[in-house]
Each structure stands twice: as structure tokens, then as C-alpha cells.
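Here's the letter readout for the chains.
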Amino acid sequence: MHNYVIPFQSLGLSDISQVGGKNASLGEMIRHLGAAGVQVPGGFATTAGAYREFLSASGLDQRIAQTLATLNVDDVVALAKAGAQIRGWIIATPLPAALEQAIRQHYAQLAAAGEGSFAVRSSATAEDLPDASFAGQQETFLNIHGIDNILLAIKEVFASLYNDRAISYRVHTGYHDGGVALSAGVQRMVRSDLGAAGVMFTLDTESGFRDAVFITSSYGLGEMVVQGSVNPDEFYVHKPQLAAGYPALVRRSLGSKQQRMVFDTTRSAGRSTRIEEVPEALRQRFSLSDAEVLQLAKYAVSIEQHYGRPMDIEWGKDGADGKLYILQARPETVQSQAHLQQAGGAPRFQLRQSGAVLVEGRAIGQKIGAGPVRLVKSAAEMYKVQAGDVLVTDMTDPNWEPVMKKAAAIVTNRGGRTCHAAIIARELGIPAIVGCGNATEVLAEDDLVTASCAEGDTGYVYRGRLDFVVSQPDDTPLPEISVKLMLNVGNPSLAFEFAQMPSAGIGLARLEFVINNLIGIHPKAVLECQKLPTELRAKVLQRASGYADPVSFYVDKLTEGISTLAAAFWPRPVIVRMSDFKSNEYRKLLGGELYEPLEENPMLGFRGAGRYVAQSFRDCFELECRAMKKVRNEMGYKNVEIMIPFVRTVAEAREVVGMLAAQGLRRGEDGLRLIMMCEIPSNALLAEDFLQYFDGFSIGSNDLTQLTLGLDRDSSLVADKFDERDAAVKALLKMAISTCNRLGKYVGICGQGPSDHFDFAQWLMQEGIQTMSLNPDTLLETWRKLGAVQACSGDLAD
């Protein structure tokens with residue numbers, strides 16, 4: 001007798017040929033990961049043999065083969081017609097009596113255990129193999145009650161093997177239909193309709209960075225996240241610090257979460273769910289607590305370690321019992337394969353022009369695409385998309401794959417970075433910008449636009465066809481050089497990508513980017529929120545949504561920015577410069593006009609250490625110290641070092657170092673190094689005095705040049721005189737470098753000079769600079785040139 005149905009607890013990875021990757025994986029986790037706390041809802045699976053017998057007993061397999069033999073899958077209309085015809089045949093055909101009896105028997109056992117509501121999901125026998133993702137090609141039916149509805153849903157799952165995208169995908173990836181069968185999994189429903197659900201990956205989906213768990217979450221059933229119907233919350237957890245016992249949640253992003261899918265108690269068959277609006281108060285909160293995020297990340301790491309490869313995992317939080325469950329787990333199929341195929345790294349895309357931003361959303365991939373806008377309202381209009389178009393729509397459906405591969409880029413109103421549109425775009429290597437909100441309203445048919453995913457987490461759609469370049473990585477071995485090369489990084493969302501470059505760490509992490517882009521509020525405005533004018537206070541509170549209060553928002557966002565950089569480069573050093581906004585820059589922040597003076601020359605005014613020690617700004621500086629202490633002490637990132645900018649006098653140096661100590665950031669404690677920006681002539685002239693209070697200098701060549709030559713670097717009238725290679729500037733640099741080396745102190749440079757002028761980088765190396773912090777796009781070229789020069793001169797240090 002055939003084994004038509006097998007309970008999950010009897011399955012394992014060796015059963016993929018019988019029940020497909022998805023169902024085999026559920027059994028594998030139930031059997032082997034329970035001890036690690038991973039909870040998987042129970043159920044049963046129909047076998048591939050049952051599916052094949054269903055097709056052959058009625059002659060369906062022959063009819064289907066004949067229909068597909070002459071089908072051109074690139075003909076969208078013909079594909080849709082053939083798929084609909086085949087699906088109709090399958091639904092109309094009765095299940096074999098023995099199969100139906102086996103399903104009834106296993107269902108009765110589950111129902112007797114009090115399991116009343118079920119999900120019926122597909123699991124193809126060729127699905128989720130390492131080199132192909134069939135994810136989302138077949139149907140899922142949720143909240144199914146009663147055996148008759150279960151039987152109908154199983155047939156609908158069988159029929160979904162022949163939806164348009166699945167047929168097309170199998171042809172294009174070389175899977176012959178005869179080699180693919182379908183198993184239906186019947187699984188107890190987790191009541192995430194009362195809680196939350198989402199998707200997590202055990203790597204960063206965009207950069208392929210392997211030391212992060214990326215989690216998306218939204219209220220209600222997870223289908224909304226998977227389909228791309230909502231913009232979910234996002235979380236990043238750093239695996240090494242998680243393993244070391246630290247609360248390694250390094251980044252959060254609040255999604256709009258406008259709708260949720262819940263059980264529909266008024267319907268008894270098919271998809272017994274409905275979609276409702278999420279109350280405004282819930283939208284403004286994260287859908288998971290920090291503790292729940294960390295627990296999910298631990299589950300993800302356990303699953304990855306068991307499977308020995310990066311994983312794509314669906315999860316649900318049961319609102320009834322409060323527990324977290326794993327619903328599916330499959331191999332990640334995009335970044336892990338790219339890692340194997342591109343030993344030298346992926347090509348790097350970079351815009352050469354700027355333009356007006358029309359819309360923005362979440363960037364998928366790291367490429368750039370340009371072309372005419374093609375607005376598509378529904379699947380019925382897919383035929384409009386031609387090769388090279390920028391496909392713009394509300395949201396895509398898995399069946400859109402045949403036309404998505406024609407597009408130069410994809411732009412959607414809805415969706416997050418783990419939805420099917422995002423997964424397919426990554427698979428196809430096409431840039432996509434999802435969750436834009438209003439792209440279909442703002443972008444007009446036939447308008448030329450450029451979609452850029454090469455600028456971090458945020459993707460931008462620019463007006464016009466902008467120039468961009470694609471550079472191919474050079475994977476030849478790098479030469480040995482006597483100086484360490486580090487990176488200047490401001491944007492934390494680029495950290496995972498830049499961390500994979502062969503640098504010695506971050507020589508300049510700018511807090512200004514985090515304050516300006518991720519916070520956007522003047523620190524005084526968060527400290528005095530209750531005193532603000534009504535309208536301004538409302539704006540501050542809105543921006544701080546999801547956090548306990550505006551002060552917590554400010555500190556936590558700084559913490560997230562710094563810890564993301566620290567995690568990405570762990571355990572390499574990350575030198576974080578405390579904020580160096582000038583008064584004109586602080587005025588641009590929300591509330592800034594209430595607190596900032598109007599200065600004639602802000603470059604020489606209220607900035608740097610002088611601002612920190614001023615009575616009017618001390619409490620603002622303390623917010624930065626709180627974040628830095630949290631990153632180092634609570635999250636364990638001892639690789640973070642502190643840099644103080646624009647220290648005019650030795651007395652100012654003494655005072656600011658004392659302030660740091662009072663805030664729990666004492667030099668030398670727990671290995672904390674304090675670095676001073678050497679960017680004023682007095683710093684070089686009195687280097688030995690300043691270095692009593694600091695562990696070294698990081699030279700800011702931009703300000704040092706400006707102040708040595710007495711010119712305003714922002715003035716176009718004297719811009720041609722600005723040159724870090726001037727003899728006077730070099731004399732001061734020589735003094736600073738030699739003093740640091742003589743005293744056994746650190747000395748590096750983080751200004752623009754070495755990135756712009758190779759001869760200047762060469763001179764610095766000869767003078768004994770220990771590190772040079774460069775812009776990422778110049779790192780490898782500068783490294784190779786320095787290596788060549790050093791090899792020629794025979795000057796390589798022992």
C-alpha cells in the first residue's frame with residue numbers, strides 16, 4: 001500500500017523527494033531543534049507519490065504534458081490561458097479514494113487533539129533547492145476548518161503547481177515538469193492574527209553580510225509581509241554579540257503596518273481570512289518587543305547552525321499563548337549563491353549625477369536601473385511592460401515573474417525587503433524600490449527615471465536618465481604595505497557592504513549622518529519637548545514614534561547607528577567622532593531655530609569641544625555620551641573608540657576629557673581609547689601638551705589646511721588655493737606625526753586629502769603615518785598604488 005500521508009514528526013531532510021523541501025524541513029526542525037527551544041506547529045504532509053497517482057489515475061498527466069509541449073511561456077496571454085485550463089482540470093478531478101481516506105484519518109487525529117484551524121501549504125519536491133527558489137509560486141490557504149474544506153484546499157494546492165509564474169520559472173530554470181511533484185502540508189494555525197508574524201534571514205539580504213539576522217514583522221498573519229502588502233518593521237541582530245550573551249539588537253526601523261490579515265469567522269471555506277486596518281496607535285509601535293526580536297534571532301541562528309547554510313525563515317507570534325513559532329525554513333537562495341559565484345565581489349554601481357528625487361522606499365539589491373515609467377494597475381496589464389521599462393505598480397504578485405525579468409527596475413507602493421517582489425527582484429538581479437507609498441501617483445507613464453539602490457537602505461527614484469558607472473572588482477591579491485588603511489563611513493546602512501572590504505576598520509565614523517538622517521531633531525528640542533510650541537511638539541513626538549519618549553528616541557537612534565557600524569566591522573576598531581555640526585547645520589534640524597545662534601562664520605564658531613563644554617550644550621553632549629556608554633558597556637562593542645573634534649586649547653582638552661569620565665567614559669577603562677582630531681594649528685604646535693589627555697591624533701586635513709592657509713574652504717572665490725600639500729600644512733603635519741610616533745601614541749589621518757591626492761598619501765606613508773582613513777571608493781586603488789611605490793623603493797617595513 002502506498003504511503004499517501006506522513007505526519008511531520010516522522011519526516012526529515014532525507015524525505016525531500018517524498019514531501020518537498022518545505023514539509024521535510026518542518027519535520028527536520030520538529031525532530032532535531034526542539035531542544036534548542038525552536039517551536040514548530042504540528043501537522044501532516046501528502047506525498048509526491050500521492051500527487052503523481054492523482055494525476056495518472058485520471059489521465060491528467062498526459063493532458064497536461066500535451067498542453068505544455070507547444071506552449072511558449074514568454075507569450076503572457078498564451079501562458080495565462082494554458083495555466084487556467086490545467087488548474088481547472090485539477091480542481092474538477094476527484095482525489096483517489098485511498099488518498100482521501102488517508103487524509104481523513106490524519107486530520108481526525110489532529111482534530112481530536114483540539115487543533116481546530118489549519119493552514120494548507122504547498123511544498124514542491126524541487127522547491128527550495130540550493131540553486132533555485134520556488135518560494136511563493138504555489139498557493140497557501142489559511143484558517144481552514146473541517147475535512148471537506150481541507151480536501152478542497154489540498155486540490156487547490158495541487159492545481160497551483162500550474163500557476164503562470166510556476167510554469168514559467170520551471171522552464172527558465174530547466175526543471176522538467178515530470179521531475180516536479182507537489183506535496184500538501186496541513187499545519188496547525190498559529191494565532192498570529194492576534195499577534196504578529198514575518199520573515200527572517202540569517203544574513204543581510206542586500207549585502208550578503210553573514211554576521212547579521214535580519215527580521216521583518218507586522219501585525220496579523222504573515223502572508224501580508226510575504227506578499228508585500230504592508231511595509232513591516234525591520235530589525236537587525238548581530239550574531240557574534242548575541243552568542244556572547246549581549247542584547248545585540250543593533251538596528252530598528254518602524255514600518256507603517258497599515259493593514260493586517262486576520263481570521264474571518266463569517267466564512268467557512270477557501271481562504272477564511274479578511275484584511276482590516278491597523279489602529280493608528282498600534283502602527284506607531286513596534287510589533288515585537290526587543291526581547292522577542294532577540295529570541296527569534298536565537299532561533300534563526302540555531303536553525304542556520306543545524307542546516308549549515310544561510311536560511312530564509314517564516315515565523316509567527318501566537319497572540320493567544322504569547323509564544324513564538326517557526327512556520328517554515330528553507331535555504332536562502334540569492335546572496336549565498338552570489339557569494340559562491342563572485343569570489344571577487346559583486347560589481348559596484350555608482351551614480352555620476354544627482355537629480356530631483358521623485359519618490360523613495362526600501363532599496364532591494366545594490367544596482368541602478370533607468371528607463372521609461374510603465375504604470376501597471378493589475379496583472380491584466382502586464383503585457384504593457386517592454387524590455388528596459390521601469391515597472392511601477394501598487395504591489396506585485398508572484399505570478400508577475402514573467403514580466404518582471406524584462407524590467408530595468410521595479411518600483412512599488414507597498415512591500416518590505418522580505419516580500420516576494422523583493423525576493424524575485426534579487427533573484428533576477430534587478431534593482432527594486434518597494435514600499436514607496438505613492439509611486440503610482442507621483443510617477444507618470446513614459447517619464448524617464450533612474451531607480452538607484454546603490455545608496456544604502458533607502459532607494460531613490462530620480463527624475464531623468466542619470467549617468468552611472470559600474471566597476472568590476474579586482475580580485476588579485478593586495479600587496480603588503482606599511483600603513484593600515486581604514487574607511488570613512490557616515491551612513492550605517494552601508495556598513496554591512498563596506499565591512500566586506502579589506503580595511504583595518506573605520507577611521508572616521510561621523511555621528512552627524514545619524515543625527516541628520518535618522519533623528520532629524522535638535523537635541524535641545526527632545527530635552528525640552530514639553531516646552532515646545534504645540535505644532536513643533538507634535539512633529540517631534542511623531543518622529544519619535546515607537547520609542548518611549550523623544551529623549552529615548554534620540555539616544556537609541558544614536559546607539560543603533562553606532563552599534564551597526566561597530567557590529568559590521570567587529571572586532572576591528574571603529575573610531576566614532578562625536579558630533580561636529582556647526583550652528584548653521586544644527587539650525588536645520590527640527591527645533592534648531594529656537595536654540596542656535598546666527599553666526600557670520602560658523603566654521604570658526606560654536607562647534608566641537610568648545611560646544612560640548614559650554615553650559616548651554618552640556619546636557620545635549622550627555623545624550624551622545626549615554627549612547628556611547630550603552631554601545632560599549634551594555635552591548636559589548638569595545639571596538640568603539642571616541643574621537644573629539646575641534647579642540648582649540650589644552651584647557652578645553654582637559655575639560656572635555658573630564659566630562660567624558662564623569663559620564664562613565666573614562667580613558668583606559670575597559671580598553672577605551674580617546675582620540676583627538678588634530679585639525680587646528682595649535683594642535684600640532686602643542687602636540688605634546690594635548691597628547692597628555694588623549695591616546696593619539698587623527699588628523700583632519702580639511703580644517704587644518706583651511707586654518708593654516710587662512711581661507712574659507714566653502715568659498716568658491718578662494719577654492720583654487722585650497723591644497724593639503726602646501727609646505728606650511730606639511731610642516732604642521734610633520735610635527736604632529738613625529739610627536740605621536742615619538743611618544744608611542746596613535747596617529748592617523750581621516751581628512752579628504754589622501755582620497756583625492758595619491759602623492760599626498762605617498763608622502764604621509766613616508767612620514768610614518770600609522771593609518772589612513774579613506775573614502776570606500778578609493779581604498780583598493782590607493783592600496784595598490786602604495787604597494788607598487790613601496791615595492792619599487794624597497795621601503796617595506798619589517
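The structure under discussion appears in the preceding block.
Bear in mind the structure is a predicted one, so any value in this text is a computation, not a measurement. (Residues numbered from 1 in each chain as written. Predicted model: local features only at pLDDT ≥ 70, side-chain atom pairs only at ≥ 80, totals over all residues. Heavy atoms only, no water.)

A. Molecular detail of the overall build of the protein chain. Scanning the protein chain for helices and strands turns up 32 helices and 30 strands. Taken over the C-alpha trace, the protein chain has a radius of gyration of 29 Å; the compact-globule value for 798 residues is 28 Å, and the two agree within 12%. Over its C-alpha atoms, taken along the principal directions, the protein chain stretches across nearly 95 × 55 × 55 Å. Expressed as a percentage of contacts within the protein chain between residues at least 6 apart in sequence, the contacts between residues at least 24 apart total 70%. In the structure as shown, the protein chain presents an accessible area of about 30200 Å², 49% of it carried by carbon and sulfur atoms. (Helix = DSSP H or I, 4+ residues; strand = E, 2+ residues; numbered from the N terminus. Rg over C-alpha atoms; globule rule 2.2 N^0.38 Å. Contact = heavy atoms within 4.5 Å. Areas by Shrake-Rupley, 256 points an atom, 1.4 Å probe, with all protein chains shown as cover.)

B. Representation of the sheet that holds strand β24 (residues 506-510) within the structure. Taken together, the 8 strands give a closed barrel; going around it, the order is β23-β24-β25-β26-β27-β28-β29-β30, and neighbouring strands pair in parallel fashion. Direction aside, the axes of adjacent strands within the sheet are offset by 30° on average. Alignment of β24 against strand β25 (residues 574-577), held across 3 bridges, turns out to be parallel. Following the sheet pairing, Ile506 is matched in β25 by Val574. Sitting on the sheet, helix α17 (residues 511-519) is in contact with β24 and β25, with an inclination near 30° to β24. (Pairing = 2+ DSSP bridges. Axes fitted to C-alpha atoms, helices over the stretch in contact; angles between N-to-C directions.)

C. Expanded view of the packing of aromatic side chains. Throughout the structure, instances matching the rule amount to 16 aromatic pairs. Pairing Tyr612 with Phe621 gives two aromatic rings, centres 4.2 Å apart and planes at 15°, and the pair type is stacked. Given the relative accessible area of 0%, Tyr612 is considered buried. Aromatic ring contacts, followed pair by pair, group Phe209, Phe214, Tyr236 and Phe496 into a single cluster. (Phe/Tyr/Trp six-rings, centres within 6.5 Å; stacked < 30°, edge-to-face > 60°. Buried < 20%, exposed > 50% of the residue type's maximum accessible area, 1.4 Å probe, protein only.)

D. Molecular detail of the sheet that holds strand β2 (residues 43-46). With antiparallel pairing, 5 strands are arranged side by side in an open sheet as β1-β2-β5-β3-β4. Edge positions in the sheet fall to β1 (5-7) and β4 (140-144), since each has one partner strand and no second. Each adjacent strand pair in this sheet contributes to an overall mean axis angle of 20°, direction not counted. One ladder, built from 3 bridges, connects β2 with strand β5 (residues 182-188); its direction is antiparallel. The partner of Phe44 across the bridge, within β5, is Val186.

E. Unusual backbone geometry, seen in detail. Of the consecutive residues Trp570 and Pro571, the connecting peptide bond is found in the cis state with omega at 0°. Topologically, Pro571 is positioned in the loop between α20 (550-569) and β25. The phi dihedral of Asn143 falls on the positive side, at around 55°, and the residue is not glycine. By secondary structure assignment, the location of Asn143 is in strand β4. Of the residues examined, Asn143 reaches a relative accessible area of 2% and is grouped as buried.

F. A look at helix α6 (residues 147-159). Over its 13 residues, α6 extends 19 Å from the first C-alpha to the last, a length consistent with the 18 Å expected when each residue adds 1.5 Å. With respect to burial, α6 is a largely interior element, 10 of its 13 residues being buried. Every buried residue belonging to α6 is among Ile147, Asn149, Ile150, Leu151, Ala153, Ile154, Lys155, Val157, Phe158 and Ala159, and all of these are buried. (Expected span 1.5 Å × (residues − 1).)

G. Quick look at the packing of α17 against α20. It is at 10 Å that the axes of α17 and α20 come closest, and there the two elements cross at 125°. Taken together, the axis directions place α17 and α20 in an arrangement best described as oblique. Both α17 and α20 take part in a crossing whose hand is right-handed. Facing Leu511, Val514, Ile515, Leu518 and Ile519 of α17, the residues of α20 in contact are Phe553, Tyr554, Lys557, Leu558, Gly561 and Ile562. Across the contact of α17 with α20, the residue classes tally to 9 nonpolar, 1 polar and 1 charged. (Parallel < 35°, antiparallel > 145°, perpendicular 65-115°, else oblique. Left-handed = near helix turned anticlockwise from the far one by under 90°. Nonpolar A, V, L, I, M, F, W, Y, C, P; charged D, E, K, R; others polar.)

H. Looking closely at the packing of helix α29 (residues 727-743) against helix α31 (residues 758-767). Packing of α29 against α31 brings their axes to within 10 Å, and their N-to-C directions diverge by 35°. Note on packing geometry: the crossing formed by α29 with α31 is right-handed. Every residue of α31 that contacts α29 at Lys730, Leu733, Lys734, Ile737 and Asn741 is listed here: Phe760, Trp763, Leu764 and Glu767. Classifying every residue of the contact of α29 with α31 gives 5 nonpolar, 1 polar and 3 charged.

I. Representation of the pattern of salt bridges in the model. By the definition in use, this model includes 45 salt bridges. Ionic pairing is found between Asp619 and Lys524, a salt bridge with its closest N-O pair at 3.0 Å. With Asp619 in helix α24 (residues 618-634) and Lys524 in helix α18 (residues 523-527), this pair connects stretches of sequence that are 95 residues apart. Classification of Asp619 by relative accessible area gives partly exposed; the value is 27%. Among the ionic pairs, Arg725 bridges to Asp759, the shortest N-O distance being 3.2 Å. Of the two residues, Arg725 sits in the loop between α28 (701-709) and α29 while Asp759 sits in helix α31, which places them 34 residues apart along the sequence. By relative accessible area, which is 29% here, Arg725 ends up partly exposed. Assessed through its relative accessible area of 41%, Asp759 is described here as partly exposed. (Salt bridge = Lys/Arg side-chain N within 4 Å of Asp/Glu carboxyl O.)

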